[in-house]
Amino acid sequence: MKDDIVVLVNRDGMGHAETDLSHKLLRTWLNMLDLDDRLPRMICFYAAGVRMTCAGSPVLEELESLAGKGVELVVCTTCLNHYGILDDLAVGTAGGMKEIVEAQWEAGKVITL
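Residues numbered from 1 in each chain as written. Predicted model: local features only at pLDDT ≥ 70, side-chain atom pairs only at ≥ 80, totals over all residues. Heavy atoms only, no water.

Caption draft 1: Geometry of the sheet that holds strand 2 (residues 42-45). Overall, parallel pairing links the five strands, which are arranged 4-3-2-1-5 in an open sheet. Looking at strand neighbours, the two that pair on one side only are strand 4 (93-95) and strand 5 (109-112), the edges of this open sheet. Recorded for the sheet is a direction-independent mean angle of 25° between the axes of neighbouring strands. Note that strand 1 (residues 5-9) and strand 5 share four bridges and pair parallel. Across the sheet, the residue bridging to I5 is K109, located in strand 5. (Pairing = 2+ DSSP bridges. Helix = DSSP H or I, 4+ residues; strand = E, 2+ residues; numbered from the N terminus. Axes fitted to C-alpha atoms, helices over the stretch in contact; angles between N-to-C directions.)

Pasting the structure below:
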């Protein structure tokens, strides 16, 4: 069941920690989410968070599983272009800030990681 929740990922990982730990934290969080019956409607990626959706990301498998369960993954095109990684997008849909803002307004709850 998808709840009316939107999750925002704006970091290259989760939390303020060294890269390996922040990647591990995000991977664990996504795994726990994947195992739960409650899923967000959407996960939005912007700023450095877009790196989590590109080739070589340590959480691609988890994101692909969530997308397979119907969670929409929206990735900021402006951010992908800024980092020069638009062609590396491996999961999710390149979208604009307009979709991210609309998702936030429509959500019953917004969670920022």
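Following the structure, the description resumes.
Caption draft 2: Expanded view of helix 1 (residues 19-35). Along its 17 residues, helix 1 runs 24 Å from first to last C-alpha, staying within 8% of the 24 Å computed at 1.5 Å per residue. Among all positions in helix 1, only S22, H23, L26, L30, L33 and D34 are buried. Projection of helix 1 onto a plane perpendicular to its axis shows the buried side chains occupying an angular sector of 110°, all on one side. Facing away from the buried side of helix 1, by more than 90 degrees, are the exposed residues D20, K24, M32 and L35. (Expected span 1.5 Å × (residues − 1). Buried < 20%, exposed > 50% of the residue type's maximum accessible area, 1.4 Å probe, protein only. Arc of directions from axis to C-beta.)

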